[in-house]
Amino acid sequence: MNFKKINKVIRYFKDKEKFLFERKLRQIKNLNSFLEINGSYSVEINGIRFPIHCRNQSSSDVMVIKQIFDYVEYGILSSLIKLNNIDGSIIDLGANIGLTSIYFSNLFPEKNIFSVEPDSGNFNFLMKNSENYSNIIPINKAISEFPNTKFEIQTSFRDGLDWSRTVYKSNIGSIQGITIDQLIEFYDIKKICFIKIDVEGYEKYIFESKNLNFLNLTKLISVEVHEEIVSKDFIKKILIDYGFIIFETGELIVGIKKSLY
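Scope of this entry: the structure provided in the associated data block. Since the model is a prediction, treat every value here as computed from it, not as a measurement.

1. Some points on the overall build of the protein
Stage number 1. A tally of helices and strands in the protein yields nine helices and 14 strands.
Stage number 2. For a compact globule of 261 residues, the expected C-alpha radius of gyration is about 18 Å, and the protein comes in at 20 Å, within 12% of that figure.
Stage number 3. For the C-alpha atoms alone, the extent of the protein along its principal axes is close to 70 × 45 × 30 Å.
Stage number 4. For the protein, with 261 residues in total, the buried portion stands at 50%.
Stage number 5. A fraction of 62% describes how many contacts in the protein between residues 6 or more apart in sequence connect residues 24 or more apart.
Stage number 6. When the accessible surface of the protein is totalled, it reaches about 13,100 Å², and 51% of it is carbon and sulfur.
Stage number 7. Here the protein contributes 33 positively and 32 negatively charged side chains, and the mean placements of these two sets differ by 5 Å.

2. Looking at the nonpolar core
Stage number 1. Counting 37 residues, the largest nonpolar core has Phe69, Leu99, Phe104, Phe194 and Leu220 as the members making the most contacts within it.
Stage number 2. Contributing elements (two or more residues each) for this core: α1 (3–26), β2 (40–45), β3 (52–54), α2 (61–70), α3 (75–84), α4 (99–107), β11 (192–197) and β14 (252–257).
Stage number 3. Counting residues per element, this core draws most heavily on α2, at five residues.
Stage number 4. Every residue in contact with leucine 99, bar those within four places of it in the chain, is listed here: Ile52, Val64, Ile65, Ile68, Phe69 and Asn129.

3. Observations concerning the environment of isoleucine 52
Stage number 1. Tracing the backbone shows isoleucine 52 in strand β3.
Stage number 2. Residues isoleucine 52 and methionine 127, 75 residues apart in the sequence, show an inter-C-alpha distance of 11 Å.
Stage number 3. Setting aside anything within four residues of it in sequence, one finds isoleucine 52 in contact with Tyr41, Ser42, Val43, Ile45, Ile65, Phe69, Leu99 and Asn129.

4. What about the packing of aromatic side chains?
Stage number 1. For the structure on display, the rule yields 12 aromatic pairs.
Stage number 2. Taking the centre distance of 4.9 Å and the plane angle of 55 degrees together, the rings of phenylalanine 21 and tyrosine 41 count as tilted. With phenylalanine 21 in helix α1 and tyrosine 41 in strand β2, this residue pair connects regions lying 20 residues apart in the sequence. Each of the two residues, phenylalanine 21 as well as tyrosine 41, counts as buried.

5. Thoughts on α4
Stage number 1. For α4, the tally of buried residues reaches eight of nine residues, placing the bulk of the element in the interior.
Stage number 2. Buried within α4 are the following residues: Leu99, Thr100, Ser101, Ile102, Tyr103, Phe104, Ser105 and Asn106.

6. Structural notes on the pattern of salt bridges
Stage number 1. In the structure shown here, the tally under the stated rule is 13 salt bridges.
Stage number 2. Between aspartate 61 and arginine 55 there is a salt bridge whose closest N-O contact spans 2.9 Å.
Stage number 3. You can call arginine 55 buried: its relative accessible area is 13%.
Stage number 4. Here aspartate 241 makes a salt bridge to lysine 237, at a shortest N to O gap of 3.0 Å.

7. Focus: the packing of α3 against α4
Packed helices, taken two at a time, are described by the angle between their axes plus the distance between the axes.
Stage number 1. Across the interface, α3 lies against α4 with an axial gap of 11 Å and an inter-helix angle of 30 degrees. Taken as axis vectors, α3 and α4 run roughly parallel relative to one another. The handedness of the crossing between α3 and α4 is right-handed. Between α3 and α4, the residues in contact are Gly75, Leu77, Ser78, Ile81 and Lys82 and Tyr103, Phe104 and Leu107, respectively.
Stage number 2. Split into classes, the residues belonging to the contact of α3 with α4 amount to five nonpolar, two polar and one charged.

About the thresholds
Residues numbered from 1 in each chain as written. Predicted model: local features only at pLDDT ≥ 70, side-chain atom pairs only at ≥ 80, totals over all residues. Heavy atoms only, no water. Helix = DSSP H or I, 4+ residues; strand = E, 2+ residues; numbered from the N terminus. Rg over C-alpha atoms; globule rule 2.2 N^0.38 Å. Buried < 20%, exposed > 50% of the residue type's maximum accessible area, 1.4 Å probe, protein only. Contact = heavy atoms within 4.5 Å. Areas by Shrake-Rupley, 256 points an atom, 1.4 Å probe, with all protein chains shown as cover. Lys, Arg positive; Asp, Glu negative; His and termini not counted. Charge placed at Lys NZ, Arg CZ, Asp CG, Glu CD. Core = buried A, V, L, I, M, F, W, Y, C linked by side-chain atoms within 4.5 Å. Phe/Tyr/Trp six-rings, centres within 6.5 Å; stacked < 30°, edge-to-face > 60°. Salt bridge = Lys/Arg side-chain N within 4 Å of Asp/Glu carboxyl O. Axes fitted to C-alpha atoms, helices over the stretch in contact; angles between N-to-C directions. Parallel < 35°, antiparallel > 145°, perpendicular 65-115°, else oblique. Left-handed = near helix turned anticlockwise from the far one by under 90°. Nonpolar A, V, L, I, M, F, W, Y, C, P; charged D, E, K, R; others polar.

It is worth stressing that arrangement in space is one thing and function is another; only the former is reported here.
Here's what the structure looks like:
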């Protein structure tokens, strides 16, 4: 067996994968520069204070970068905060590697941002990405409808990539659950300027619970609804019942408290 030729073939395919991945990075519209560091990448985005750390081609990170900073998925939410001068904290449920939190931190450095992410791989990069932002508080837990619940990660939801990580209850789970009420109490949150809920289907259980007091504190909300799990109409009705004006933008249901107008 010619190991020299085999190694050459392996190097060829690794180099090809790297080339294709870096081509994806160069397609980011707001890209300033990028640098490979030990198999992951440090990416500078125009208008963002600090470099973003992302994984290589095996992850969904580049797609998330494009979603947040090129397509500006939460641009309408940041505009609503500015136009209405909404005060209070921001809660990012399903923070992934922290890019939504970073987006809002760059616009609103005075606001505390609580970034909740259960998956350890995502959370490690959330920690790296938020270390220079004193107003981002990373929380490695799963959002839950009940206290004292344990979870495990499910990797088979949708495309199975990092942005599709969801959780399931497990008595022997290694991930501690936290309710939104517990989060509010522990961090002494008085007002919620904006809460983002993108928890890969677990929104069903949050909104099915009777414990929705957090909606009384919330001025602005976005929910990415995974319709194979729960219907948009179900989520919309609850938000309307709690005094929100509802509209849809892209994949998001957005609610604005009527009292703002």
